[in-house]
Amino acid sequence: MKVVLATKNRGKLKEFQEKLKEFEIEVIPIDQISNLEPPEEKGITFCENAYEKAKYYSERIDLPVIAEDSGLEVEALNGRPGIFSARFAGEGATDEENNKRLILELKKLGLENSPARYVSFIFLYIPEGMGLWSSGEVKGKVITEPRGEGGFGYDPLFIPEGYTKTMAELPMEEKNKISHRGKAIEKLVNLIKEVKKW
Ligand SMILES: O=c1[nH]c(=O)c2ncn([C@@H]3O[C@H](COP(=O)(O)OP(=O)(O)OP(=O)(O)O)[C@@H](O)[C@H]3O)c2[nH]1
Ligand SMILES: [Mg+2]
């Protein structure tokens, strides 16, 4: 089975490819199929953004498309950056700039860490209007001293519950077992298997 993944995020793409390999599903990045500009993320929830992204591309390329919207919710920041995680330090911000903003905001509050969670919503949109969605989360804490080279985004600042290493210090295979995205992908695969039985 092959499926198109609508993302411009290379870190996400690698994690989807690695995880879905386990289920013999090949992931084709959207930019191999089309050079459509991504839609603006106008939703106010992860779910809405994932749905809109998948629908937008699927309707235009007439193939099933998976899209994900994900982010980091930090307790001390009342759930921010949330759906704004990719643009915390401004539109087009780099991971490094977003990490600096997070560290600054925690330090402003006099904190060295805060409970936090990563959230992932995935939507598989199938032309003619059929859809499947799933979600996943991983709880942990964010710190103010970055560690590790793996993963992407806020991973050098995120320590999953039950671990002492940051997400960026874990091999991808291990991150995929415990991460918000890994869990959401597994749930989606189970849904696809159920639907195939119909
Ligand atoms: O360290 C991280 N490890 C993760 O596992 C992770 N998952 C999400 N995030 C953050 O949340 C944004 C998603 O925003 P997002 O879903 O809109 O994706 P994006 O804009 O990067 O790409 P696209 O898929 O929209 O094209 C990302 O950019 C990151 O800042 C993560 N950070
Ligand atoms: Mg995005």
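Computed from a predicted structure; not experimentally measured. (Residues numbered from 1 in each chain as written. Chains lettered and ligands numbered in written order. Predicted model: local features only at pLDDT ≥ 70, side-chain atom pairs only at ≥ 80, totals over all residues.)

A. Looking closely at the overall build of the chain. A count of helices and strands for the chain gives five helices and six strands. Written out in order from the N terminus, the α and β elements of the chain read β-α-β-α-β-α-β-β-β-α-α. Whereas a compact globule of 198 residues would reach a radius of gyration of roughly 16 Å, the chain reaches 17 Å, a difference of no more than 12%. For the chain, the spread of C-alpha atoms along the principal axes amounts to about 55 × 30 × 25 Å. Evaluated residue by residue, the chain yields a buried proportion of 38% over its 198 residues. (Helix = DSSP H or I, 4+ residues; strand = E, 2+ residues; numbered from the N terminus. Rg over C-alpha atoms; globule rule 2.2 N^0.38 Å. Buried ≥ 20, exposed ≤ 12 C-beta atoms within 10 Å, placed from the backbone.)

B. Just helix α5 (residues 180–197), in detail. The terminal C-alpha atoms of α5 lie 26 Å apart, and with 18 residues this matches the ideal 26 Å at 1.5 Å per residue to within 8%. The complete set of buried residues in α5 reads H180, R181, G182, K183, A184, I185 and L188. Taken together, the buried residues of α5 touch α1 (10–21), β3 (65–74), β4 (113–126), β5 (130–143) and α4 (172–178). (Expected span 1.5 Å × (residues − 1). Contact = placed C-beta atoms within 7 Å.)

C. Highlighting the site of ligand 1. Looking at ligand 1, there are 22 residues lining it, with T7, N9, S85, A86 and G153 nearest. Looking at the shell around ligand 1, the element that brings in the most residues is β3, giving five residues. Its residues placed into classes, the shell around ligand 1 shows six nonpolar, nine polar and seven charged. (Near = placed C-beta within 6 Å. Nonpolar A, V, L, I, M, F, W, Y, C, P; charged D, E, K, R; others polar.)

D. Representation of the UniProt feature "active site" (unreviewed entry) in the chain in the model. Under the local residue numbering, the UniProt record ascribes the feature "active site" (unreviewed entry) to D69. The topology assignment puts D69 in strand β3. Non-local contacts of D69, meaning those with residues more than four positions away in its chain, are made with F46, N49, A50, K53, I83 and F121. (UniProt positions renumbered as here; feature names shortened; annotations may be inferred.)

E. Highlighting the pairing of β3. Counting buried residues along β3, 10 of its 10 residues qualify, which places the element largely inside the surrounding structure. Burial of the side chains of β3 extends over both faces: V65, A67, D69, G71 and E73 are buried on one face and I66, E68, S70, L72 and V74 on the other. Relative to β3, strand β1 (residues 2–6) runs parallel, the two being bridged by three bridges. Residue pairing across strands places A6 opposite A67, the latter belonging to β3. The pairing of β3 with β4 spans 10 bridges and is classified as antiparallel. In the strand pairing of β4, L72 is matched with Y118. (Pairing = 2+ DSSP bridges.)

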